[in-house]
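Structural overview for review
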Amino acid sequence: MDNQYYAGIDLGGTSIKMGICSPDGQIICEREQATPQGHYENVLEAFQQMLHQLLAEAELSPKDLAGVGVGVPALLDVEQGNVYEIVNLGWKNVPLKAELEKRLGLPSYVDNDANTAALGEMWQGAGKCSRHLICITVGTGIGGGLIINGDIYHGALGLAGEIGHMTIRPEGGLLCNCGKPGCLETETSATAIAYYGRKAVDEQQETRLTQTLKQQGVITAKDVIDAARSGDVVSVKILHHVGYYLGLALAQMSNVLNPEKIVIGGGVSKAGDFFLEPIRENFIKYALNKVSETTDIVPATLGNKAGWLGAAWLVHRNSRPGQNGGK
Ligand SMILES: [Zn+2]
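Residues numbered from 1 in each chain as written. Predicted model: local features only at pLDDT ≥ 70, side-chain atom pairs only at ≥ 80, totals over all residues.

**A word on helix α11 (residues 306-319)**
With 14 residues, α11 extends 20 Å between its outermost C-alpha atoms, agreeing within 8% with the 20 Å of an ideal straight helix rising 1.5 Å per residue. Counted residue by residue, α11 has 12 buried out of 14 residues, so it is predominantly covered. Among all positions in α11, only Ala306, Gly307, Trp308, Leu309, Gly310, Ala311, Ala312, Trp313, Leu314, Val315, His316 and Arg317 are buried. (Helix = DSSP H or I, 4+ residues; strand = E, 2+ residues; numbered from the N terminus. Expected span 1.5 Å × (residues − 1). Buried ≥ 20, exposed ≤ 12 C-beta atoms within 10 Å, placed from the backbone.)

Structure (structure tokens):
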């Protein structure tokens, strides 16, 4: 039967991940390659080539596809599929949906990459079968996606879900890239964890991170987590600081949104319960009792497949109107 499969693309500043899946989200095949630089046509060309390679590998033809979805690291007009800007790639005002449809001859859908990652986790990952989710990615920055009633919540202009820029420390907080002080991102991202590790060394606190800095010349979030795991008191304190602000922020969001689950992804979440436990403790402390009793905080499970699978779900949603949501 025609139109049985979905293609999904996760466009990143350094790599493109693309895959084909069945209507129930089973991965048929996937691949990854470096993102071409220069004019955006180069990226479209790469999309086209990768799709042909995947179709050949799966022994499918373009008419077997119901469409293609793309997650992009940018703010965009979701309805029109117009990307406002991707700074890393030098894109400005690219009509991505229209260009893709012209080039691939398939219905195309575009959303922000944090949103597609959230949709991926809802469809096939840690949020499977949930219709109300808060998804948060703790990496270089803090990304987020809100899933309400089984679909992403975009807000009036597509700006919803900017969890990283919740003001969490209005007095004495660090200045964020967005220009405002005390954002969640400045206190709890991997960048923040590394910053606080380095600060402790500079202040000559007693920590094994001093040795790490001597050996490597740099301290990463992973170094702080590893040191905490081996009992370094200063590093444990840094993770508790992070847990306090993340727990507090997620409690406030949950009191407003009442999610079934909170899914935490990104590089830092690989530390598992060791990272999640201080978050849970503070979540319980600040959320309404009934909310904290009924909201699970869980690690994301799809890793870097979440983005392209969630992008493929955009095709699923549009192929089956009215039946969306965790299925
Ligand atoms: Zn900010």
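Now that the structure has been shown, we can carry on.
**A look at the packing of helix α8 (residues 233-257) against helix α9 (residues 273-286)**
Interhelical geometry of α8 versus α9 gives an angle of 45° and a closest axis separation of 7 Å. If you check the angle between α8 and α9, you find them oblique. α9 is crossed by α8, and the crossing has right-handed handedness. Across the interface between the two elements, Leu239, His240, Gly243, Tyr244, Leu246, Gly247, Leu248, Leu250 and Ala251 from α8 touch Phe275, Pro278, Ile279, Glu281, Asn282, Phe283, Lys285 and Tyr286 from α9. For the contact of α8 with α9, the residue count by class is 11 nonpolar, 4 polar and 2 charged. (Axes fitted to C-alpha atoms, helices over the stretch in contact; angles between N-to-C directions. Parallel < 35°, antiparallel > 145°, perpendicular 65-115°, else oblique. Left-handed = near helix turned anticlockwise from the far one by under 90°. Contact = placed C-beta atoms within 7 Å. Nonpolar A, V, L, I, M, F, W, Y, C, P; charged D, E, K, R; others polar.)

**Observations concerning the sheet that holds strand β1 (residues 5-11)**
Strand order across the open sheet formed by 5 strands is β3-β2-β1-β4-β8, with mixed pairing between neighbours. Edge positions in the open sheet fall to β3 (27-34) and β8 (108-112), since each of these has one partner strand only. Sheet twist, expressed as the average angle between the axes of neighbouring strands with direction ignored, equals 15°. In the sheet, β1 pairs with strand β2 (residues 15-21) via 6 bridges, with the strands oriented antiparallel. Paired with Leu11 across the bridge in β2 is Ile16. Sitting on the sheet, helix α3 (residues 113-124) is in contact with β1, β4 (65-72) and β8, with an inclination near 105° to β8. (Pairing = 2+ DSSP bridges.)

**As for the pairing of β4**
In terms of residue burial, β4 counts as a mostly covered element, since 8 of its 8 residues are buried. Of the pairings in the sheet, the one linking β1 to β4 comprises 6 bridges and is parallel in character. In the sheet register, Gly8 faces β4, and the bridge partner there is Gly69.

**Quick look at α9**
Residues spaced three or four apart along an α-helix face the same direction, because each turn holds 3.6 residues. For α9, spanning 14 residues, the distance from its first C-alpha to its last is 19 Å, which sits close to the expected 20 Å at 1.5 Å a residue. Of the residues making up α9, those classed as buried are Phe275, Leu276, Ile279, Asn282 and Phe283. In a view along the axis of α9, the buried residues occupy a sector of 130°, so they form one face of it. Exposed side chains of α9 directed beyond 90 degrees from the buried face belong to Asp273 and Lys285. (Arc of directions from axis to C-beta.)

**So, the nonpolar core**
Counting 92 residues, the largest nonpolar core has Ala7, Ile9, Ala118, Ile193, Val224 and Ala312 as its most contacted members. With 10 residues, the single largest contributor to this core is α8. Summarising the domain contributions, this core has at least three residues from each of domain 1 (5-113) and domain 2 (126-301). Once you skip the residues sitting within four places of it in the chain, Ala312 turns out to touch Tyr6, Ala7, Gly8, Cys21 and Gly69. (Core = buried A, V, L, I, M, F, W, Y, C linked by C-beta atoms within 7 Å. Domains from an automatic or database assignment.)

**Considerations on the environment of Ala249**
Mapped onto the fold, Ala249 is located in helix α8. Residue class for Ala249 comes out buried when judged on the 27 C-beta atoms lying within 10 Å of it. Linking Ala249 and Leu184, residues 65 residues apart in sequence, is a C-alpha distance of 7.6 Å. Sequence-distant contacts of Ala249, defined by excluding residues within four places in its chain, comprise Met166, Ile168 and Leu184.

**Remarks on the sheet that holds strand β7 (residues 91-95)**
Strands sit in the order β5-β6-β7 across an open sheet of 3 strands; the sheet is antiparallel. Two strands close off the open sheet at either side, each with one partner strand: β5 (76-77) and β7. Pairing of strand β6 (residues 82-86) with β7, which is carried by 4 bridges, proceeds in the antiparallel orientation. Across the sheet, Val83 pairs through a bridge with Val94, a residue of β7. Each of β6 and β7 touches helix α2 (residues 96-104); the most contacted strand, β7, lies at about 55° to it.

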